[in-house]
Amino acid sequence: MSNKSTNTKFAPQETETVTGFLTLTNKSKISVYLIAVAVLAVISPFLHVLYLIDDKEGIFGFSYMSSFMYSLSLPTMALCSGLLLKYVGTLLPHFNLYFKYISYSFLFVGIFFMVYTFVPMFDFSTSIYFTGLLVVSVILTVASHYLHKAVLTTEERLKKIISKLFDFIILETPRKHVSEEKQIDYVISYEKIINEIGDE
Amino acid sequence: MNDTLKSLRKLRIAGMLSESALQEVENRLLQKPNQEVLQSVGEI
């Protein structure tokens with residue numbers, strides 16, 4: 001008789017990537033990605049310091065490498081922040097839409113100034129700056145409007161739910177589901193709970 | 001003021017309690033002393 005198992009059912013396996021030294025699960029891959037993006041975001045504004053002592057000739061039309069790195073730092077930070085916010089949005093399904101808007105505006109600002117850094121032929125005209133500013137303002141306004149609305153409606157919804165539960169406890173249950181002889185005990189019990197809530 | 005009433009008013013102000021539920025408990029609290037008197041009279 002063959003020793004081979006006839007059981008064809010398997011427990012769901014975590015997707016894994018086998019590298020030379022490490023076996024990375026999806027979770028750890030995400031952690032590495034998040035840490036890398038966060039580190040890049042935090043370090044980028046300081047990278048130009050490397051060229052301050054011994055500055056070199058710049059690239060992409062910049063006179064010095066330090067000025068190029070400085071010009072690159074803020075868009076990098078904005079792009080990384082946008083990516084991080086986009087990821088946070090996926091973890092919060094209720095706020096996904098708002099984080100999407102916010103992350104897009106961060107990404108837009110990052111890309112806008114990245115283009116400015118890597119296209120040395122011309123400087124943006126005032127009208128392009130103002131158009132960019134207007135687009136970002138509109139996106140942020142829409143995002144903040146939805147975020148504010150979400151926070152308020154969530155609170156209101158919770159209050160309505162609590163109110164309905166109290167109606168059930170105070171009005172409906174004693175009339176429909178508690179016998180006459182147990183009414184006093186029941187009322188004492190919910191009064192206790194009300195007092196405990198009041199002390200919170 | 002009674003502790004329960006205080007808690008109820010807090011909940012009502014916070015919007016977590018309906019007016020009818022507040023009225024119900026207030027009425028019960030008003031009736032309670034009478035019930036206690038009746039009970040003690042009954043025991044005698």
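Along every chain, residues carry numbers that run from 1 in the direction the sequence is written. Ligands are numbered from 1 and chains lettered from A, in the order in which they are written. It should be noted that, the model being predicted, local features are given only for residues of pLDDT at least 70 and side-chain atom pairs only at 80 or more, the latter also being counted only at that level, while totals for whole chains, interfaces and linings use all residues. Heavy atoms throughout the structure, all of them, feed into the side-chain values; hydrogens and water do not.

A. Local environment of the overall build of chain A. From N to C terminus, chain A includes 5 helices and 2 strands. Think of it this way: any DSSP run of H or I at least four residues long counts as a helix, any run of E at least two long counts as a strand, and we number them from the N terminus. Along chain A, from the amino end to the carboxyl end, the secondary structure elements read β-β-α-α-α-α-α. The buried label goes to any residue with under 20% of its type's maximum accessible area, the exposed label to any with over 50%, and the partly exposed label to all in between, with areas taken from a 1.4 Å probe on protein chains only. Of all 200 residues assigned to chain A, the portion counted as buried reaches 26%. Whether two residues touch is decided by their heavy atoms; if any such pair falls within 4.5 Å, the residues are in contact. Contacts spanning at least 24 positions in sequence make up 50% of the contacts within chain A whose residues lie at least 6 apart.

B. Inspection of the packing of aromatic side chains at higher detail. All names here are of chain A. Working definition: a ring pair exists when centres of Phe, Tyr or Trp rings (six-membered ring for Trp) sit within 6.5 Å. Plane angles under 30 degrees give stacked, over 60 give edge-to-face, the rest tilted. What the rule picks out here adds up to 8 aromatic pairs over all chains. Geometrically, the ring pair formed by Phe-60 and Phe-68 is stacked, given 5.7 Å between the ring centres and 20 degrees between the ring planes. For Phe-68, a relative accessible area of 5% corresponds to the buried category. Among the aromatic residues, ring-to-ring pairing joins Phe-95, Tyr-98, Tyr-101 and Tyr-146 into one connected group.

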